[in-house]
Amino acid sequence: MLIRRRPGWTIPDSQATPESVVLARRALLGGAGTIAATVPAQAQWRLFGGSAPPATPLKPLQAPRNPKYQAGRPLTPEQDATTYNNFYEFGTSKDIVRPAQALRTDPWSINLAGMVARPRSIALEDLLKAVTLEERVYRHRCVEGWAMTVPWIGFPLAELVRLAEPTAAARYLVFTTLADQKTMPGLRQNWYPWPYTEGVTLAEATNELAFLAVGMYGKTIPKQDGAPIRLTLPWKYGFKSAKSIVKVEFTDRRPVSYWEQVQASEYGFWANVNPDVPHPRWSQAHERLLGSDEMVPTRIWNGYGEYVSSLYDGLKTERLFT
Ligand SMILES: Nc1nc2c(c(=O)[nH]1)N[C@H]1C(S)=C(S)[C@@H](COP(=O)(O)O)O[C@H]1N2
Ligand SMILES: [Mo]
């Protein structure tokens, strides 16, 4: 059921971090976690971890740009795309660059599990030898109403699916991301359902747009953006794009992901972008471009309908846009 959106209503993300509002409220009820919920990430780091580590140097990473995917708007300045982040493992604020430098990304491997020919762990360097990197400029739209345009470097998720060799019964992929108590102060907010998980259907995972990024802006991906490997699903709200992935499980049962466990009425399994389906607490009609702060109309499927809309033809009864 659609809630009527108020015309001209602007996006609330400058006033609040809407994805965290529900949890902050829960924290207040919970008592013990209150400090972590209200203290900014920088201070949380001091509280839990001592002095913040220095920024991690990024390595140059070049790959030919795939000209097929045109964003139709300028790239977001790198400085904005890499300093305004959601990464709750490091705190609920957008300002998590410093605490995120504690993330340990080397060595890194991904566990391929569940309904696959040979469950196994694959080292990231071996995975990267088996794929061809390319650059893709994608629009990226957070459910909170901000957006950016990013030159990602990576490879199609379909390549990982191919290497994993799912069995005929597999229908869904579940991504689990790193949950390391020692380096991630956000995990102390124990009313969140850690680890962060996300899921897609096998059909979505093998759609040509679904992409695993290991770099952005011609360098390895910064820790705050999900090093060393993260998803990008440009037709869905950003929370589907899991960062710092350590496990990909193939299953025949639809998973209930992190945000769906937190608040299913606001963050569902499908989470496809649609300007005409408001979030229960705000309109999705427009988005604020990081950098310029320009407000632009949001597009259905984030403008990627020609690639993805047919995936949902038989699913009209599902809540496709929440
Ligand atoms: N592990 C993990 N992945 C995550 C998140 C998170 O908190 N933890 N936040 C998500 C949300 S809400 C968004 S909008 C994007 C933000 O990616 P960016 O900071 O690189 O823009 O990452 C997604 N992936
Ligand atoms: Mo988000």
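What comes next is a walk through the structure. (Residues numbered from 1 in each chain as written. Chains lettered and ligands numbered in written order. Predicted model: local features only at pLDDT ≥ 70, side-chain atom pairs only at ≥ 80, totals over all residues. Heavy atoms only, no water.)

With respect to the sheet that holds strand β6 (residues 197-201)
Where we set the bar: Here a strand pair is declared whenever DSSP counts at least two bridges between the two strands. Each helix is a run of DSSP H or I of at least 4 residues and each strand a run of E of at least 2, with the numbering of both proceeding from the N terminus. In this description, a line fitted to the C-alpha atoms serves as the axis of each element, helices being fitted only across the stretch in contact, and the angle between N-to-C directions of two axes falls anywhere from 0 to 180 degrees.
In spatial order, the strands read β2-β1-β10-β5-β6; together these 5 strands make up an open sheet with mixed pairing. Among the strands making up the open sheet, the edge pair consists of β2 (120-123) and β6. Going from strand to strand, the sheet's axes swing by 20° on average, the running direction of each strand aside. Here 5 bridges tie strand β5 (residues 172-177) to β6, and the two strands are oriented antiparallel to one another. Looking at β6, one finds that F175 is bridged to E198.

A short note on unusual backbone geometry
Peptide bonds are mostly trans, and most non-glycine residues show a negative phi. Quick note on the threshold: Exposure categories follow from relative accessible area, calculated using a 1.4 Å probe and restricted to protein chains: below 20% of the type maximum is buried, above 50% is exposed, and the middle band is partly exposed.
Each neighbour pair has its own omega, and for D106 with P107 the value is 5°, a cis peptide bond. Structurally, P107 is set in the loop between α5 (97-100) and β1 (109-114). With an omega of -5°, the peptide bond between W194 and P195 qualifies as cis. Relative to the elements of secondary structure, P195 occurs in the loop between β5 and β6. Phi angles above zero are rare outside glycine, and A271 is one such case at about 50°. Taking the relative accessible area as the measure of exposure, A271 reaches 0% and is therefore buried. Of note in the backbone geometry, W301 takes a positive phi value of approximately 55° without being a glycine. Among the secondary structure elements, W301 is positioned in the loop between β12 (295-297) and α10 (305-308). The exposure class assigned to W301 is buried, which follows from its relative accessible area of 10%.

Remarks on the pairing of strand β3 (residues 134-141)
Burial analysis of β3 places 8 of its 8 residues in the buried class, which makes it a mostly covered element. Of the strand pairs in this sheet, β3 and strand β4 (residues 146-156) are connected by 8 bridges, and their pairing is antiparallel. Within the sheet, the bridge partner assigned to R136 lies in β4 and is W152. Counting the residues in the hairpin turn of β3 and β4 gives 4 residues, including G145, whose phi is positive at 105°.

Structural notes on the pairing of β5
Every regular strand shows the same layout, with side chains that alternate between the two sheet faces. Burial analysis of β5 places 6 of its 6 residues in the buried class, which makes it a mostly covered element. Side chains of β5 alternate between two faces, with Y172, V174 and T176 and L173, F175 and T177 buried alike. As paired elements, β5 and strand β10 (residues 245-251) share 6 bridges and run antiparallel to each other. Looking across to β10, one finds that V174 is bridged to E249.

Let's talk about empty space enclosed by the protein
Our working definition: Residues are said to line a cavity or pocket when one of their atoms sits within 4 Å of a point; the points come from a 1 Å grid over protein atoms alone, cavities being sets where a 1.4 Å probe fits but cannot get out and pockets being open sets with protein on both sides within 12 Å along at least five of seven lines. Grid points are joined across faces, edges and corners, and a volume is the space filled by probe spheres set on the points. In this classification, the charged set is Asp, Glu, Lys and Arg, the nonpolar set is Ala, Val, Leu, Ile, Met, Phe, Trp, Tyr, Cys and Pro, and all remaining amino acids, among them Gly, are polar.
Evaluation of the coordinates by the stated rule reveals 2 cavities of 30 Å³ or more. There is about 240 Å³ of room inside the largest cavity. Along the wall of the largest cavity there are 20 residues; nearest its centre are N86, Y196, G238, S241 and K243. Among the residues forming the lining of the largest cavity, the class breakdown is 10 nonpolar, 5 polar and 5 charged. In terms of lining, the second largest cavity is formed by V143, Y237, F239, E266, V277, P278, H279, P280, Q284, F321 and T322. Per-class residue counts for the lining of the second largest cavity are 7 nonpolar, 3 polar and 1 charged.

With respect to the site of ligand 1
Condition: A single heavy atom is enough: if one lies within 4 Å of a molecule or strand, its residue is considered near that molecule or strand. Under this definition, polar contacts are N or O atom pairs within 3.5 Å; protein pairs additionally need one hydrogen-donor-capable and one acceptor-capable atom, and for neighbouring residues in sequence, both atoms have to be side-chain atoms. Per-residue and other accessible areas were derived by the Shrake-Rupley procedure at a 1.4 Å probe size, with only the shown protein chains allowed to occlude residues. In this description, a molecule resides in a pocket or cavity if more than half of its atoms sit within 2 Å of the grid points defining it.
Around ligand 1 sit 19 residues in total, of which Y88, E89, D225, R230 and K243 are the nearest. T177 places a polar side-chain atom, nitrogen or oxygen, 3.2 Å from a nitrogen atom of ligand 1. Taking 530 Å² as the accessible area of ligand 1 by itself, protein coverage stands at 100%. Assessed atom by atom at 2 Å from the grid points, ligand 1 resides in the largest cavity.

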